[in-house]
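# Summary of the model geometry
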Amino acid sequence: MQPDLQRLFDLIEQQSQSLLNRIDSLNTDQLHHQPPGKWSLSQVFAHLITSEQLSVQYLKKKIQAIDEQPDTGIIEELKILTLIISQRLPFKFKAPKVVVDHTPTFNDAAEIAKAWNQTRAELKDLLGRFANNQLKRKIYKHPVAGKLNIVQATRFLSEHIIHHTPQIKRLLKQN
């Protein structure tokens, strides 16, 4: 795996494992407790996993024609910077319909961990396929920011986890 991708992969792996460790001892009722108008812990984890799964599926399709894609430039750098800032602010964003429509229900923490670890293994395999000269190719389509390269896409996955971590911490305090 290219060093930049390895570094980002290691980061998101650490982030997800840290969050999974926080819910490991919770029972089903605690995972599914849903404050009025809010998501449950199970729903937040399902959202994170689903968005990552859909990203991996999209990237698997697009990598087949990666050499036909143009490179990213300053516009995409500005887009990812804006996206990062938006993920760090305490604003709510409506999940894209495709993510909502494909979000499963998990029964327990073991199912959540299994699904995320499986998705993460697929992501690791996929990231290992990128050659150095392909890192800047427009291969990922974010629902708001548009086309990004694989480094920017992986950075977004990390920022998405960062965005939902305060929500998870609040829900854990309520249990």
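Please refer to the structure placed before this passage.
All of the points below concern the structure found in this document.

### Re the overall build of the protein chain
The number of helices and strands found in the protein chain is 7 helices and 2 strands. Going from the N terminus to the C terminus, the protein chain shows its helices and strands as α-α-α-α-α-α-β-β-α. Taking 2.2 N^0.38 as the reference for a compact globule, 175 residues should give roughly 16 Å; the C-alpha atoms of the protein chain span a radius of gyration of 16 Å, in line with that estimate. Taken along its principal axes, the extent of the C-alpha atoms in the protein chain is 50 × 30 × 25 Å. Expressed as a percentage of the 175 residues in the protein chain, the buried residues total 45%. If you take every contact in the protein chain between residues at least 6 apart in sequence, the share linking residues at least 24 apart comes to 82%.

### With respect to a nonpolar patch on the surface
A cluster of nonpolar side chains, Ile 74, Ile 75, Leu 78, Leu 81, Ile 85, Leu 89, Phe 91 and Phe 93, forms an exposed patch at the surface whose accessible area comes to about 790 Å². Checked against the element boundaries, Leu 81 lands in helix 4 (residues 74-88). Using a relative accessible area of 46% as the deciding quantity, one classes Leu 81 as partly exposed.

### Examining the environment of Leu 48
Here Leu 48 lies in helix 3 (residues 41-62). Between the C-alpha atom of Leu 48 and that of Thr 82, which follows or precedes it by 34 residues, the distance is 20 Å. Apart from the residues within four sequence positions on either side, Leu 48 is in contact with Trp 116, His 160, Ile 161, His 164 and Ile 168.

### A closer look at the packing of helix 4 against helix 7 (residues 150-174)
Where helix 4 meets helix 7, the axes come as close as 8 Å, and the angle between the chain directions of the two elements is 10°. Overall, the two elements helix 4 and helix 7 adopt an arrangement that is roughly parallel. Of the residues in helix 7, those touching helix 4 at Glu 76, Glu 77, Ile 80, Leu 83, Ile 84, Ser 86, Gln 87 and Arg 88 are Gln 152, Arg 155, Phe 156, Glu 159, His 160, Ile 162 and His 163. A per-class count over the contact of helix 4 with helix 7 returns 5 nonpolar, 5 polar and 5 charged.

### Describing the pattern of salt bridges
One pass over the structure, following the stated rule, counts 8 salt bridges. For the salt bridge of Arg 120 with Glu 13, the shortest nitrogen-to-oxygen distance reads 3.1 Å. Highlighted residues: Arg 120 in helix 6 (residues 109-127) and Glu 13 in helix 1 (residues 3-23), separated in sequence by 107 residues. Classification of Arg 120 as buried rests on a relative accessible area of 2%. Here Lys 138 makes a salt bridge to Glu 76, at a shortest N to O gap of 3.1 Å. With Lys 138 in the loop between helix 6 and strand 1 (140-142) and Glu 76 in helix 4, this residue pair connects regions lying 62 residues apart in the sequence. Assessed through its relative accessible area of 7%, Glu 76 is described here as buried.

### Focus on the layout of surface pockets
Space inside the largest pocket adds up to approximately 1,300 Å³. If you go around the largest pocket, you meet 42 residues; those closest to its centre are His 47, Phe 93, His 160, His 163 and His 164. Elements that contribute at least two residues to the lining of the largest pocket include exactly helix 3, helix 4, helix 5 (97-101), strand 1 and helix 7. With 10 residues, helix 7 is the single largest residue contributor to the lining of the largest pocket. Partitioning the lining of the largest pocket into residue classes produces 21 nonpolar, 14 polar and 7 charged. Within this model, the second largest pocket holds a volume of roughly 290 Å³. Glu 77, Lys 136, Asn 149, Val 151 and Gln 152 are the residues nearest the centre of the second largest pocket, which is lined by 15 residues in total. Considering every element that reaches the lining of the second largest pocket, the biggest residue donor is helix 4, with 4 residues. Here the lining of the second largest pocket is built from residues that sort into 6 nonpolar, 4 polar and 5 charged.

Rules used in this analysis
- Residues numbered from 1 in each chain as written.
- Predicted model: local features only at pLDDT ≥ 70, side-chain atom pairs only at ≥ 80, totals over all residues.
- Heavy atoms only, no water.
- Helix = DSSP H or I, 4+ residues; strand = E, 2+ residues; numbered from the N terminus.
- Rg over C-alpha atoms; globule rule 2.2 N^0.38 Å.
- Buried < 20%, exposed > 50% of the residue type's maximum accessible area, 1.4 Å probe, protein only.
- Contact = heavy atoms within 4.5 Å.
- Patch = residues over 30% accessible without salt bridge, like charges linked within 9 Å, V, L, I, M, F, W, Y side chains within 5 Å.
- Areas by Shrake-Rupley, 256 points an atom, 1.4 Å probe, with all protein chains shown as cover.
- Salt bridge = Lys/Arg side-chain N within 4 Å of Asp/Glu carboxyl O.
- Axes fitted to C-alpha atoms, helices over the stretch in contact; angles between N-to-C directions.
- Parallel < 35°, antiparallel > 145°, perpendicular 65-115°, else oblique.
- Nonpolar A, V, L, I, M, F, W, Y, C, P; charged D, E, K, R; others polar.
- 1 Å grid on protein atoms, 1.4 Å probe; cavity = no way out; pocket = protein on both sides within 12 Å on 5 of 7 lines; lining within 4 Å.
- Points joined across faces, edges and corners; volume = space filled by probe spheres on them.

Interpretation in functional terms is not warranted from these geometric data alone.
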